[in-house]
Amino acid sequence: MIIGVTKEIKEGERRVGMTPQGVDALVSHHHRVLVEKSAGVGSGFLDHEYGKAGAILVDKAKDIWNEVEMVVKVKEPLEPEFPLMRPGQVLFTYLHLAANRELTLKLMERRIAGIGYETVQGQDGSLPLLRPMSEIAGRASVLAGGMCLEARYGGRGVLLCGASGVPPAKVVILGAGVVGANACKVALGIGARVSILDIHPERLSYLHDITQGHIATFISNRMTIGEEIAGADLVIGAVLIPGAQAPKLVTRQMLKRMRHGSAVVDISVDQGGCFETTHPTTHENPTYIEEGIVHYCVANIPGAFPRTSTFALTNATFPYVLQIADKGFEKAMQENETLRKGLNLINGKVVFHAVAESFGLAFIQNPFSPPSLKIPS
Ligand SMILES: NC(=O)c1ccc[n+]([C@@H]2O[C@H](COP(=O)([O-])OP(=O)(O)OC[C@H]3O[C@@H](n4cnc5c(N)ncnc54)[C@H](O)[C@@H]3O)[C@@H](O)[C@H]2O)c1
């Protein structure tokens, strides 16, 4: 197969869809890989590394779209990329179509076979290509929170790990999913005292076991949240109700009970945030203070760590890229249910139910589903 990797053009995006290691593996399977010059620079991969791995370096994105059967990217395509797309081309990237009608219509018009990373779904309902970014956001949130506690950011000047003769900080994590569990690991590793709250007892039980009881776990409800955060130095919001806005678990009144100079990191900001006082911030200007509490509400935390994020993302995406290349798109779709679930569009039609429903568009069955799995339309 001929596969293309273009440079991301979305502002501030420094990740890239494939590493030189990925190129090397595809080339060893006798595929051709075209990489746009400087595509990997933001993640610390130089052109000569791709060249050494066997990539054909190309000056312009146009010449890649013109030649390849599949384009592997990170973010959704933007306006300048639409005219470059060719009918039947496979596009493997984050699409988030349910939130973007214009993009959906454009990709239908261009008759792209669009597989969205975010909709590739395991049999157990897991989202293997979203998970790596949640891991990174969770881990990085503790570092961000530690920064917010520094005096120069308006924090109370507390070091998360404390010092000999000085107790460590108290970190409270709301939500014990992928993000929360990863925040928990780092906070505990740094030496903080950690409390974690969730509505699902089995998530708490799992974390309690793997940390050998070194954390305090609580069932999440309004009263317990209020009591726990009142004594916290850092509160991390990591809740998710799939497909819905994040619940506002911490009201302004509850925040007023926290000590001045404490910090909150709202990772759920991309779903509206779980603090009443949350509004989205950027890496350029990540914090603000309300009610004396330092807020960090960056909506794309992994963007600060493009190299780690690119490795984490491509570790997860690459096995699917290789399958599509080796088997061909149709056979890979037929044989791999997890990958098949990621298909959003093909031949100008929407085959992902939630996307069709969001925009009142006609839904057609995924043409690669075995007959027994087809949903009645
Ligand atoms: N800001 C960023 O850069 C960034 C990056 C990755 C993920 N996220 C966001 O982080 C959030 C969490 O993602 P995830 O992958 O951990 O999801 P997840 O589904 O793995 O975990 C969410 C957890 O929240 C829990 N929860 C739901 N309601 C709750 C409540 N009332 N109280 C306590 N816990 C509750 C659920 O039981 C679940 O365990 C999502 O909104 C996701 O979009 C943000």
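About the cut-offs
- Residues numbered from 1 in each chain as written.
- Predicted model: local features only at pLDDT ≥ 70, side-chain atom pairs only at ≥ 80, totals over all residues.
- Heavy atoms only, no water.
- Helix = DSSP H or I, 4+ residues; strand = E, 2+ residues; numbered from the N terminus.
- Rg over C-alpha atoms; globule rule 2.2 N^0.38 Å.
- Buried < 20%, exposed > 50% of the residue type's maximum accessible area, 1.4 Å probe, protein only.
- Contact = heavy atoms within 4.5 Å.
- Lys, Arg positive; Asp, Glu negative; His and termini not counted.
- Charge placed at Lys NZ, Arg CZ, Asp CG, Glu CD.
- Disulfide = S-S within 2.5 Å.
- Axes fitted to C-alpha atoms, helices over the stretch in contact; angles between N-to-C directions.
- Left-handed = near helix turned anticlockwise from the far one by under 90°.
- Pairing = 2+ DSSP bridges.
- Salt bridge = Lys/Arg side-chain N within 4 Å of Asp/Glu carboxyl O.

Novice: Help me understand the overall build of the protein, please; the structure alone is not making it clear to me.
Specialist: When helices and strands are tallied, the protein shows 13 helices and 15 strands. Its C-alpha atoms give the protein a radius of gyration of 22 Å, near enough to 21 Å, the size a compact globule of 377 residues would have. Seen through its C-alpha atoms, the protein measures out along the principal axes to roughly 65 × 50 × 35 Å. Counting the 377 residues in the protein, one finds 52% classified as buried. Considering only residue pairs separated by 6 or more positions, the protein has 62% of its internal contacts joining residues 24 or more positions apart. In the protein, 37 side chains carry a positive charge and 37 a negative one; their mean positions are 1 Å apart.

Novice: Could you clarify how one ought to interpret the state of the cysteines in this entry?
Specialist: One way to say it: the disulfide is the covalent bond shared by the sulfur atoms of two cysteines. Counted according to the given criterion, the structure contains zero disulfides. With no disulfide of its own, Cys-184 lies closest to Cys-274 among cysteine sulfurs, the gap being 16 Å. A disulfide-free cysteine, Cys-274 has its sulfur positioned 9.2 Å from the sulfur of Cys-297, the nearest such atom. Cys-274 sits in the buried class, given a relative accessible area of 0%.

Novice: It is not clear to me how the packing of helix H5 (residues 131-148) against helix H6 (residues 178-190) should be interpreted in this structure. Could you clarify?
Specialist: The packing of two helices is summarised by the inter-axis angle and the distance between the axes. Axis separation between H5 and H6 bottoms out at 7 Å; the angle between their running directions is 35 degrees. Classified by chirality, the crossing of H6 by H5 is right-handed. Two secondary-structure elements touch here, H5 through Arg-131, Ser-134, Glu-135, Gly-138, Arg-139, Ser-141, Val-142 and Leu-143 and H6 through Val-178, Val-179, Asn-182, Ala-183, Lys-185, Val-186, Ala-187 and Ile-190.

Novice: Looking at this model, I keep getting lost on the sheet that holds strand S4 (residues 70-72). Mind explaining?
Specialist: Strands in a sheet are paired, the pairing made by backbone hydrogen bonds, and the direction either parallel or antiparallel. Ordered by their spatial adjacency, eight strands build an open sheet running S3-S2-S1-S4-S5-S6-S14-S15, and the pairing between neighbours is mixed. Unpaired on one side and paired on the other, strand S3 (56-58) and strand S15 (349-350) mark the two borders of the sheet. Pairing of strand S5 (residues 90-93) with strand S6 (residues 113-116) involves four bridges; the strand directions are parallel. Paired with Leu-91 across the bridge in S6 is Gly-114.

Novice: Please clarify how the pattern of salt bridges should be interpreted in this entry.
Specialist: Opposite charge on two side chains makes pairing possible when the charged atoms of those side chains draw close. With the rule as written, the count across this model stands at 16 salt bridges. The residue Lys-331 makes a salt bridge to Glu-335 at a minimum N-O spacing of 3.3 Å. Note that Lys-331 and Glu-335 are positioned in helix H11 (residues 329-335) at a spacing of four residues, about one turn of the helix. A relative accessible area of 42% means that Lys-331 is categorised as partly exposed. Through salt bridges with shared partners, a single network forms among Glu-8, Lys-73 and Glu-81.

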